[in-house]
Amino acid sequence: MLTGGEQKQLIDDILRASFEAVSVGDLGQYVLPLIDRLFDTSTSLVFRYDETGKLTPASGKLCEANRLYVAHFYSEDPLQRALHRKPPRVLRMSDVPEWEEYYFRHPAHQECCTRYEMDYFVHLSASENTSPEPGMIGIVLARTHRQPDFKDRELKAMSI
């Protein structure tokens, strides 16, 4: 558990590193580890949608899982419907109507995400565009079932 002073310092470090990042790779290399520490994530990912609209992992522990997910589950994942409805900048995925279908019945969760310690997660847009289309840059922060889902106060901090 981080102290208040440690949290404030991490937030300052995240903001500084974010302003200094000049590429998606910089976000993953310098900012993502700080965000992981601040929000006690089990795993995370920085990704972008390339010029053809293909979801492309950039960095983070979830890169391998993302390749498996895109190859086998992306097109049928019910959570993608929620992401295509013009999501807010910060979206706790357990808040979307498709969550129960995904979490309890869908192979994307059962066969992919739990294997990579991704039970609860937040989707963050790091670009002006929040929809999954060419040019969008995003971050996924995840926690295992042994951790609590992300709390409202954490979402508020993520939206800064």
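Residues numbered from 1 in each chain as written. Predicted model: local features only at pLDDT ≥ 70, side-chain atom pairs only at ≥ 80, totals over all residues. Heavy atoms only, no water.

Brief notes about the packing of helix α1 (residues 4-20) against helix α2 (residues 24-39)
How we decide: Lines fitted to C-alpha atoms define the axes here, with helix axes fitted over just the stretch in contact, and angles between the N-to-C directions of these axes take values from 0 to 180 degrees. Helix and strand definitions here come from DSSP, where helices need a minimum of 4 consecutive H or I residues and strands a minimum of 2 consecutive E residues; each element is numbered from the N-terminal end. An angle below 35 degrees is read as roughly parallel, one above 145 as roughly antiparallel, one from 65 to 115 as roughly perpendicular, and any other as oblique. A clockwise turn of the near helix away from the far one marks a right-handed crossing, whereas an anticlockwise turn of less than a right angle marks a left-handed crossing. For this analysis, residues touch if any pair of their heavy atoms sits within 4.5 Å.
One can describe the packing of α1 onto α2 by two numbers: an axis separation of 9 Å at closest approach and a directional angle of 165°. The angle between the axes of α1 and α2 places the two elements in the roughly antiparallel class. Viewed along their axes, α1 and α2 form a crossing whose handedness is left-handed. Listed contacts from α2 to Gln-7, Leu-10, Ile-11, Asp-13, Ile-14, Ala-17, Ser-18 and Glu-20 of α1 are Asp-26, Tyr-30, Val-31, Leu-34, Ile-35, Arg-37 and Leu-38.

Re helix α3 (residues 63-72)
Worth spelling out the cut-off: Note on classification: 1.4 Å probe, protein chains only; a residue is buried when its accessible area is under 20% of the maximum for its type, exposed when over 50%, partly exposed between these limits. Arc definition: it is the arc formed by the directions from the helix axis to the C-beta atoms.
Where α3 is concerned, the buried positions are Cys-63, Ala-65, Asn-66 and Tyr-69. Take α3 and look down its axis: the buried residues cluster within an arc of 150°, on one side only. Across from the buried face of α3, at angles greater than 90 degrees, the exposed residues are Glu-64, Arg-67, Ala-71 and His-72. Considering only its buried residues, α3 is in contact with β1 (43-49), β2 (55-59), α4 (79-83) and α6 (107-113).

Considerations on the packing of aromatic side chains
Stated precisely, the cut-off is as follows: Here is the rule: rings of Phe, Tyr and Trp (six-membered ring for Trp) pair when centre to centre is within 6.5 Å. Planes less than 30 degrees apart are stacked, more than 60 are edge-to-face, and the remainder are tilted.
Considering all chains together, one arrives at nine aromatic pairs under this definition. A ring pair is formed by Trp-99 and Tyr-103, whose centres lie 5.2 Å apart and whose planes are at 25°; its orientation type is stacked. With Trp-99 and Tyr-103 both in helix α5 (residues 99-105), this residue pair falls four residues apart, about one helical turn. Tyr-103 carries the same exposure label as Trp-99, and that label is buried. Ring plane angle 75° and centroid distance 6.0 Å describe the contact between Tyr-102 and Phe-121, whose orientation is recorded as edge-to-face. Placement of Tyr-102 in helix α5 and of Phe-121 in strand β4 (residues 120-125) is noted, with a sequence separation of 19 residues between them.

Some remarks on the environment of Ser-59
Mapped onto the fold, Ser-59 is located in strand β2. Its relative accessible area of 15% is what places Ser-59 among the buried residues. Considering only alpha carbons, one finds Ser-59 and Leu-45, 14 residues apart in sequence, at a separation of 5.8 Å. Apart from the residues within four sequence positions on either side, Ser-59 is in contact with Gly-25, Gly-28, Gln-29, Leu-32, Leu-45 and Val-46.

Observations regarding a nonpolar patch on the surface
Where we set the bar: Patch definition: residues with relative accessible area over 30% and no salt bridge; like charges joined within 9 Å; nonpolar side chains (Val, Leu, Ile, Met, Phe, Trp, Tyr) joined within 5 Å. Methods summary: accessible areas were calculated by the Shrake-Rupley approach with a probe of 1.4 Å, and residue burial reflects only the protein chains presented. Any Lys or Arg side-chain nitrogen located within 4 Å of an Asp or Glu carboxyl oxygen qualifies as a salt bridge.
Together, Leu-15, Phe-19 and Ile-160 give the surface a local cluster of nonpolar side chains, amounting to about 380 Å² of exposed area. Secondary-structure assignment places Leu-15 in helix α1. Residue Leu-15 is classed as partly exposed on the basis of its relative accessible area, which comes to 34%.

Considerations on the pairing of β4
Definition in use: Should DSSP find at least two bridges between two strands, the strands are regarded as paired.
Counting buried residues in β4 gives six out of six residues, a clear majority hidden from the surface. Residue alternation in β4 divides its side chains into two sets, Tyr-120, Val-122 and Leu-124 and Phe-121, His-123 and Ser-125, and both sets are buried. Taken together, the three bridges between strand β3 (residues 90-92) and β4 define a ladder with antiparallel strand orientation. For Val-90, the partnering residue across the bridge sits in β4 and is Leu-124.

As for the pattern of salt bridges
Using the criterion set out here, one finds nine salt bridges in the structure. Measuring nitrogen to oxygen at the nearest pair gives 3.9 Å for the salt bridge that ties Glu-98 to Arg-81. Here Glu-98 is found in the loop between β3 and α5, whereas its partner Arg-81 is found in helix α4, with 17 residues between them in sequence. Residue class for Arg-81 comes out partly exposed when judged on its relative accessible area of 44%. For Arg-143, the salt bridge goes to Glu-154, with nearest N and O atoms at 2.6 Å.

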